[in-house]
Each structure stands twice: as structure tokens, then as C-alpha cells.
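Each chain, letter by letter, is given below.
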Amino acid sequence: MSRRLDRKRSVLVQRLSITAASLWIILILFAVFNAGGRSTSPRTGNPVLSNFSAIKGDVARITITDQDVTYNLIKRGDAWLMEESGAYPVREDRLNTLLEGLETLSWGERRTSNSERLSLLALGDPREEGNGTLIALFSGDGARVAEVITGRRNEYTYARKPDETIAFRVRGDLPPLRTREAWLDLDIMSIEPSAVSAVRITGRGGNSVYLSRPAGSDARGFRPAPPYQDFEVTNPLAVSATALAITRLAPIDVKSAEALSGRAVSRHISETFDGLEIDLRAWRETDGYWVTLRAIEAGEGARRARTINERAEPYAFKLTEYDWREFTPSVNELVARPTPEETSAPLPPADFQP
């Protein structure tokens, strides 16, 4: 009997200890996030940017400063552009989400006024290597008209004024801001693999080849075409991969084409059955692997080429090294050059060198 009572007392003591520890944790968390007093304040329910609706139409620059990156969204006419990406257009849906979020964002519960605890809410000043995100808005004349530091922890958004240490949970939402590339609409074109009829390649070594296939054939139907008809395919898989590379174009970044240095290292011209050509040149830069694009099309259907060129021609697009190498093959690894006695016609000069 006494052993049974001892066990019951032990279980009761453990439960009381757990309850006491839980209460201490709750009190500590309350002290951390409500160190400044009550959870409500006269500011609760009011807009975070009180004058944003009035100044929204005048905003011409939005500067996002994070611990690792600073970038600028600039307005030219009716278009918003990414300054650090050669004034490339930003995604309209994402921009609208940001502007609507800033307009509707309101102060919620007060969390802390202890500057040492701001980092717990991702509200450290990024200009001082803190972990928050500073959003600064400027008018057309360069005047700073509004600013706020925001942060996200779990499912909640927090904010504070840059010149204050009072932190609040806020109501409303903002798009993710820490990645500059996420603002760029890099879906330049869409070409189905079945639409590609031929490709002209000048590889890194300067050798050239022209590959084509009949309509309806599969990805391995590409063969050397005149005046390269005597060449022999030695790597069918690599031939089909490079012939259809344009259909998998997936840029990860963009900059002004004027920022490229040196010369292109290869050229890759894709042709479609309905008359569209994509002239792609590949560049190896100190900051990665880049390509430039130009679309060519004749007749009334040239609208496709104009649409592509409006978005692509002034810019260079960054690729992963893996994707870039599909556009820059060594021709000698794709096809075998015939010996002189096997050639039925003289080989042409390389008239489309990069």
C-alpha cells in the first residue's frame, strides 16, 4: 500500500512541476514580447503608413534593404523596373501585392520596446546588419515620403518605425522581399519541342554544323543537313539536347546587354516549322553564364518576334552552368567531320560566327 501511495505522490509532484514550468515559460514569453507594457496602444488599428493613400500616386522609387541585399524598384511612365537588373520590368502582380499591402497594413498588438529583443521578431535594422527588411518610398523628386522596417516570424508579420524600438504585430500581408530575382518576370517565350525544325550551331571551338529534322519526327530525328549532309552524328542524345535547348530556356537573372564584356563564345540559332528564328549568343562572364537573344520572323506573323525582342533584345539573361552548356556544345562531340574523299560537296565557310 505504501509503495502505491509513494508512486501516486511521485506522479502528482511531476505533474505539478510540469505545470509550474509551463507557467514560468508563459510568463517569460509575456515579459519578452510585452516588455513595454500592455499589448494594445493608441496606435493599434491605425494604418502603418498613415499617409500612403495620399502619396501612393507620387511614389517613383521603392528601395528594399535587407541584411544581404539592397535593390530599387523604379517607375518610368506607367512601368515599374528593377534598377539593378538593367531596368528590367518587374512582375506586375507582385508589385500590386506590395502596394496594396502597404496601403492596408495596420498596427496590431504591441510586442516589445526592448531594442535587444527586436531580432526575435526579425526587426533588426538591416543598415546595422540587423535581420529586418527596410522599405523606403521616394517621390519623383527624390524625397523620402515613407519608410517602415518589417519582419516575419512563423505565420506573423511584424513592423516598426525605423526611428523607434517599439515593435508591433501588424495586420495585413506583404510579398516576400528578401530575394531580388523573385521580382523579375523571366518567362520570355514559350516554344514547344515539336515546333523546332532546325538549329545552326557554332560551338566554343569555332566549328559549325546545321541540323534539321522532318515534321513529325521525334527528338532524335535531327541530322546534319546541307551543306553538312556528309557529317555523321556521333552522340544522338547530345544532338537532341542541344537542338531543343531553346524550349527549356530558364533564365535565373538578367542585366543590361551593354554590361557584357569581351565576345560571345558560341552561337545557337533555333528555327521553327512556322518561320520563327531565335538567334542566341552565349557569353562567359566573371559573374556567371549569360546569353543574349534576338528573334527574327518574316511576314504578318512577325508580331511574335517583336514581342520577344521588346523583352529580350536589350538584355542579357543568366543561366545555370548546366543549361548554358546545352547552348555551347563542342561540335566535334556531336558529329564527326567527313574526310575529304568522303565529302560530296565543298564545306562552306563559317558565315555565322559569333
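This one's a predicted model, so the numbers in the text were calculated from it and none came from an experiment.

Rules used in this analysis
- Residues numbered from 1 in each chain as written.
- Predicted model: local features only at pLDDT ≥ 70, side-chain atom pairs only at ≥ 80, totals over all residues.
- Heavy atoms only, no water.
- Helix = DSSP H or I, 4+ residues; strand = E, 2+ residues; numbered from the N terminus.
- Contact = heavy atoms within 4.5 Å.
- Areas by Shrake-Rupley, 256 points an atom, 1.4 Å probe, with all protein chains shown as cover.
- Pairing = 2+ DSSP bridges.
- Axes fitted to C-alpha atoms, helices over the stretch in contact; angles between N-to-C directions.
- pLDDT = per-residue confidence, 0-100.
- Phe/Tyr/Trp six-rings, centres within 6.5 Å; stacked < 30°, edge-to-face > 60°.
- Buried < 20%, exposed > 50% of the residue type's maximum accessible area, 1.4 Å probe, protein only.
- Lys NZ or Arg CZ within 6 Å of the ring centre and 35° of its normal.

### Describing the overall build of the protein chain
Here comes step 1: Along the protein chain, the regular secondary structure elements total six helices and 19 strands.
Here comes step 2: Sequence-distant contacts, at least 24 apart, represent 66% of the contacts inside the protein chain between residues at least 6 apart.
Here comes step 3: As presented, the protein chain carries roughly 19000 Å² of accessible surface, and 50% of it is formed by carbon and sulfur atoms.

### A closer look at the sheet that holds strand S15 (residues 266-272)
Here comes step 1: Strand order in the open sheet made by the eight strands is S12-S11-S10-S15-S16-S17-S18-S14, with antiparallel pairing throughout. Single-partner strands in this sheet number two, and they are strand S12 (223-224) and strand S14 (253-256).
Here comes step 2: Where strand S11 (residues 208-212) lies against S12, two bridges are found, and the strand directions are antiparallel. Bridge pairing in S12 links Ser212 to Arg223.
Here comes step 3: On the sheet, helix H5 (residues 303-312) packs against strand S16 (276-285), strand S17 (288-297) and strand S18 (315-319) and is oriented at approximately 150° with respect to S17.

### Overview of the confidence of the model for the protein chain
Here comes step 1: For the protein chain, the mean per-residue pLDDT works out to 87, and 84% of the residues sit at or above 70.
Here comes step 2: Here residues 30-37 scores under 50 on pLDDT; set against residues more than four positions off or in separate chains, the count is 19 contacts.

### What to know about the sheet that holds strand S5 (residues 106-112)
Here comes step 1: Strand order in the open sheet formed by nine strands is S4-S3-S2-S1-S6-S7-S8-S9-S5, with antiparallel pairing between adjacent strands. Taken across any chain shown, the strands that pair with only one partner, and hence form the sheet edges, are strand S4 (88-89) and S5.
Here comes step 2: Looking at chain direction, strand S6 (residues 133-139) and strand S7 (residues 144-153) are connected through six bridges and run antiparallel. Each bridged residue has a counterpart across the sheet, and for Phe138 the counterpart in S7 is Arg144.
Here comes step 3: Across the face of the sheet, helix H3 (residues 92-104) comes into contact with strand S1 (59-65), strand S2 (70-76), strand S3 (79-82), S5, S6 and strand S9 (167-171) while running at roughly 90° to S1.

### Re the packing of aromatic side chains
Here a ring pair, both rings aromatic, is described through the centre-centre distance and the interplanar angle of the planes.
Here comes step 1: Using the criterion set out here, one finds five aromatic pairs in the structure.
Here comes step 2: For the ring pair Trp107 and Phe168, a centre distance of 5.0 Å and an interplane angle of 55° mean the geometry is tilted. Of this pair, Trp107 sits in strand S5 while Phe168 sits in strand S9, and the two are 61 residues apart along the sequence. The burial state of Trp107 is the same as that of Phe168; both residues are buried.
Here comes step 3: Here Tyr289 and Trp324 contribute two aromatic rings whose centre-to-centre distance is 4.9 Å and whose plane-to-plane angle is 50°, an arrangement assigned as tilted. With a gap of 35 residues between them, Tyr289 in strand S17 and Trp324 in helix H6 (residues 321-326) connect regions that are remote in the sequence. The two residues Tyr289 and Trp324 agree in class, both being buried.
Here comes step 4: Directly above the ring of Tyr210 sits Arg200, whose terminal nitrogen or CZ lies 4.2 Å from the centroid.
Here comes step 5: The side chain of Arg284 reaches across the aromatic face of Tyr289, ending 4.1 Å from its centre.

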